Amino acid sequence: MSDPGSPPSVPPPDLAALDLRPMRPADLPLIERLDERVFGPGRFSRSAYRLREGVAPDFNLSRVAYVGSLLIGANLMTLARCGEQELVLLGPLTVEPAYRSRGIGEALALASIEASRAAGHGVVILVGDLPYYARLGFKPVPMGKLTLPGPVDPARLLHCELRPGAFETLNGRIGRAF
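**Q** What should I look at first to understand the pattern of salt bridges in this one?
**A** One side chain can pair with another of opposite charge once the charged atoms of both are near each other. A full pass over the atoms with the stated rule returns six salt bridges. Note that arginine 37 is salt-bridged to glutamate 96, the shortest N-O span being 2.5 Å. Taken together, the residues arginine 37 in helix H1 (residues 28-39) and glutamate 96 in the loop between strand E4 (85-95) and helix H3 (104-118) connect sequence positions 59 residues apart. Residue class for glutamate 96 comes out buried when judged on its relative accessible area of 17%.

**Q** Sorry if this is basic, but what is going on with unusual backbone geometry here?
**A** Residues other than glycine predominantly adopt negative phi, and peptide bonds predominantly adopt the trans conformation. Look at the link from glycine 91 to proline 92: it is a cis peptide, with omega at 5°. Following the sequence through the fold, proline 92 ends up in strand E4. A positive phi angle is found at serine 101, which is not glycine, with a value near 60°. With respect to the helices, strands and loops of the structure, serine 101 is situated in the loop between E4 and H3.

**Q** Looking at this structure, how should I read the nonpolar core?
**A** Where a protein is soluble and globular, its nonpolar side chains tend to be buried together. Core analysis: the largest hydrophobic core is formed by 24 residues, its most contacted members being Leu90, Ile104, Val124, Tyr133 and Phe138. Those elements that place two or more of their residues in this core are strand E3 (70-82), E4, H3, strand E5 (123-127) and strand E8 (157-161). The element contributing the most residues to this core is H3, with five residues. Contacts of phenylalanine 138, omitting those with residues within four sequence positions, involve Leu90, Ile113, Val124, Leu126, Leu130, Tyr133, Leu158, His159 and Cys160. Judged by nonpolar contacts, the second largest core, of 15 residues, contains Val123, Leu146, Leu157 and Phe167.

The rules we used
- Residues numbered from 1 in each chain as written.
- Predicted model: local features only at pLDDT ≥ 70, side-chain atom pairs only at ≥ 80, totals over all residues.
- Heavy atoms only, no water.
- Salt bridge = Lys/Arg side-chain N within 4 Å of Asp/Glu carboxyl O.
- Helix = DSSP H or I, 4+ residues; strand = E, 2+ residues; numbered from the N terminus.
- Buried < 20%, exposed > 50% of the residue type's maximum accessible area, 1.4 Å probe, protein only.
- Core = buried A, V, L, I, M, F, W, Y, C linked by side-chain atoms within 4.5 Å.
- Contact = heavy atoms within 4.5 Å.

Written as structure tokens, this is what we have:
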């Protein structure tokens with residue numbers, strides 16, 4: 001018998017059997033509840049959320065992960081702009097705590113990145129931890145090259161170039177997509 005105070009033990013999902021697919025409008029309320037559980041109300045004060053406010057995620061680029069009928073992870077991709085150039089903002093990347101450290105977050109992010117590349121996008125940016133995202137191809141944005149609305153730790157502003165030379169052309173403030 002397990003200790004009632006300990007978290008439930010969840011066997012690792014078989015990633016080959018995991019239902020990883022593009023996001024649908026019906027997933028949005030489930031994603032919102034997952035984000036609320038994982039990140040809490042403070043998530044709305046983050047600079048990246050300011051770029052997402054009032055902008056729907058791109059359903060063709062965003063990905064969700066289900067085990068049966070249970071949403072266990074989601075990665076939203078939102079279009080943004082730097083000057084006249086479009087780019088993609090990755091996140092939030094959210095995985096149900098009981099399913100973390102099983103490769104689900106990486107699988108979601110990589111599927112979204114590949115969808116972005118296939119759709120012809122040149123750059124994906126995010127605010128996150130370099131040790132985690134470096135293995136997915138992200139690098140730090142050089143100091144002062146790009147800015148977000150609101151304060152951001154410059155060491156956490158990362159980019160992944162999907163098309164050679166696409167990052168070089170970006171410079172300035174990142175804003176909402178038109």
